[in-house]
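Working through the structure, step by step
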Amino acid sequence: MKAKAAILFAVGKKLDIRVVDVEPPRPGEVLIQMAAAGICHSDLHVMTGHLEAPLPVILGHEGSGVVAEVGPAVTSLKPGDHVIPLWRLSCGVCEYCSDGRPALCAEGLQIRKTGRLLDGSTRFKLNGMEIKHFAGVSSFSEYSVVPEKAAFKIPDDFPLDRAALLGCGVITGVGAVFHGARVKPGSSVAIFGSGGVGINVIQGAAIAGAEKIIAVDLLANKLEFARRFGATHTINAKEVDPVEAIRTLTDGRGVDYAFEVIGLPATIRQAYDSLSKRGMAIVVGVTPMTMEVSVPIMTLVFEERVLTGSIYGSSRPRIDIPMLINLYRAGKLKLDELLTRTYPFSQINEAYAALERGEGLRSIVTF
Ligand code: CND
Ligand code: ZN
């Protein structure tokens, strides 16, 4: 079949909307008709070359849609099912899957690194040329084929535009709080970067019962959003030194948890420097893969500080997505306010330009 898809042909180029051939799903795969796709910074990192991916590729890892067709031997899904594609496929049986850490499964990493599905081929072609899948999702296409295990069925009456946001920004941010850091009620939290993912760390910290939630950003509009999503204090790092400001707000002690949701060595170091004794810095932001960060051994050892990361919210999507849906329905998780703009698919490059300018919180394209 034919589908319009946004292809990245080379680093530094804009996305090119072309009509591609989409092969039918093979055994254990499903064809999804995308309804909405989220505009996440990680795709932008691929466009700018900060994050590597095999090219040419159909980007997009946050999305939602309806199953259009199922391949042979598919048992858990049928045409018409509403689904969220999962951007880290997990085998379900390895050491990490068994331990509730499916984002660390090797199968998902294989798809991410090769840009091909598990049998080593792609379902997209342009004039006979192979086009790669991104993270096994490629939500910037009207139709995409994904492994059955990487499509999670959601209730039919759940709005598909809100559902798309759950696929990365929400599960990554809230999950980093619940499963990455395991934030305790009454604790203090600092969040560096109040964008589409960081805002979900903020609302996750509020849901977890953190007492002090300190949002850091360079943009006044983001800090305004942060307050609406539960930040108790905001710091504009353009005006003051955020580390000093966090120490002042915590009577010199530092915070129990500091999340870096930008992807810069300098802000990772700021997050670490903001910690209390035994505090934990959790890096969610993605930096160019060769970047390094250094921290003083003095505080690492003598203050028992922890520096770690969180991928895909350290989540268990099959448990966490229903939980997030319940939290939204209970009025505790803000999704309506998170979705600040909807663009038609044809304007996907404008949506990315707006992300680069720092407008809004999270936007989607719809098909
Ligand atoms: P978005 O661009 O929406 O947010 C980034 C925010 O950081 C913006 O509000 C900026 O103003 C702010 N910012 C930039 N520089 C600074 C600075 N020096 N000090 C303070 N604030 C600053 O991006 P996003 O929220 O979509 O993504 C954020 C990061 O998270 C990005 O690196 C993305 O690739 C990464 C991510 C990680 C994962 C994961 O699983 N770990 C999943 N998805 C996205
Ligand atoms: Zn993402």
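Use the structure listed above.
As the structure is a prediction and not an experimental result, all values here were calculated from the model.

Regarding the sheet that holds strand S15 (residues 275-283)
Overall, parallel pairing links the 6 strands, which are arranged S13-S12-S11-S14-S15-S16 in an open sheet. The outermost strands of the open sheet, each flanked by one partner alone, are strand S13 (233-236) and strand S16 (306-309). Pairs of neighbouring strands in the sheet enclose a mean axial angle of 15°, with direction left out of account. Those strands touched by helix H8 (residues 265-273) are strand S11 (188-192), strand S14 (255-260), S15 and S16, and its axis lies near 150° from that of S15.

Digging into the coordination of the zinc ion (ligand 2)
Tetrahedral coordination by four donors puts the ideal angle at the metal at 109.5 degrees, and octahedral coordination by six puts it at 90 or 180 degrees. Listed as protein donors to the zinc ion (ligand 2) are Cys40 (SG), His61 (NE2) and Cys168 (SG); their distances from the metal cover 2.1 to 2.3 Å. Geometry at the zinc ion (ligand 2) is irregular, judged from the 4 donor atoms that bind it and their angles of 85 to 139° at the metal. Spacing between the donor residues of the zinc ion (ligand 2) along the chain follows C-x20-H-x106-C. Taken as a pair, Cys40 in the loop between strand S3 (29-38) and helix H1 (41-48) and His61 in the loop between strand S4 (57-58) and strand S5 (63-70) lie far apart in primary sequence, 21 residues in all. Take Cys40 and His61: they sit in the same class, and that class is buried.

Comments concerning the layout of surface pockets
Approximately 220 Å³ is the volume found for the second largest pocket. Residue lining of the second largest pocket: 14 residues in total, with Lys184, Asp256, Tyr257, Arg278 and Gly279 positioned closest to the centre. The biggest single contributor to the lining of the second largest pocket is S15, with 5 residues. When grouped by side-chain class, the residues that make up the lining of the second largest pocket number 4 nonpolar, 3 polar and 7 charged.

Some remarks on the nonpolar core
Phe140, Leu166 and Phe259 are the most contacted members of the largest nonpolar core, which totals 96 residues. When residues in this core are grouped by element, the largest group, 12 residues, is from helix H4 (residues 160-181). In this structure Leu166 touches Ile84, Phe158, Ile171, Ile321, Leu324, Ile325, Leu333 and Leu335, once residues within four positions along its chain are discounted. Of all hydrophobic cores here, the second largest spans 13 residues; its members include Ala190, Phe192, Ile214 and Ile235.

Section: H4
Here H4 is 22 residues long and its end C-alpha atoms lie 29 Å apart, about the 32 Å a rise of 1.5 Å per residue gives. Maximal helix bending in H4 amounts to about 55°, located at Leu166.

Things to note about helix H7 (residues 242-249)
Of all the positions in H7, only Pro242, Val243, Ala245 and Ile246 are classed as buried. For H7, the angular spread of the buried residues around the axis is 165°, confining them to a single face. Residues of H7 that are exposed and point over 90 degrees away from its buried face: Glu244 and Thr248. The residue sitting at the N-terminus of H7 and contributing the capping side-chain oxygen is Asp241; that oxygen lies 3.0 Å from the backbone nitrogen of Val243. Downstream of H7 by one or two residues, Asp251 has phi in the positive range, about 55°.

Cut-off values and rules
Residues numbered from 1 in each chain as written. Chains lettered and ligands numbered in written order. Predicted model: local features only at pLDDT ≥ 70, side-chain atom pairs only at ≥ 80, totals over all residues. Heavy atoms only, no water. Pairing = 2+ DSSP bridges. Helix = DSSP H or I, 4+ residues; strand = E, 2+ residues; numbered from the N terminus. Axes fitted to C-alpha atoms, helices over the stretch in contact; angles between N-to-C directions. Contact = heavy atoms within 4.5 Å. Donors = N, O, S within 2.8 Å, 3.2 Å for Na, K, Ca; no water. Tetrahedral: all angles 85-135°; square planar, octahedral: opposite > 155°, others 65-115°. Buried < 20%, exposed > 50% of the residue type's maximum accessible area, 1.4 Å probe, protein only. 1 Å grid on protein atoms, 1.4 Å probe; cavity = no way out; pocket = protein on both sides within 12 Å on 5 of 7 lines; lining within 4 Å. Points joined across faces, edges and corners; volume = space filled by probe spheres on them. Nonpolar A, V, L, I, M, F, W, Y, C, P; charged D, E, K, R; others polar. Core = buried A, V, L, I, M, F, W, Y, C linked by side-chain atoms within 4.5 Å. Expected span 1.5 Å × (residues − 1). Bend = angle between axes of the 7 residues up to and from the residue. Arc of directions from axis to C-beta. Polar contact = N/O pair within 3.5 Å; in protein donor to acceptor, adjacent residues only side chain to side chain.

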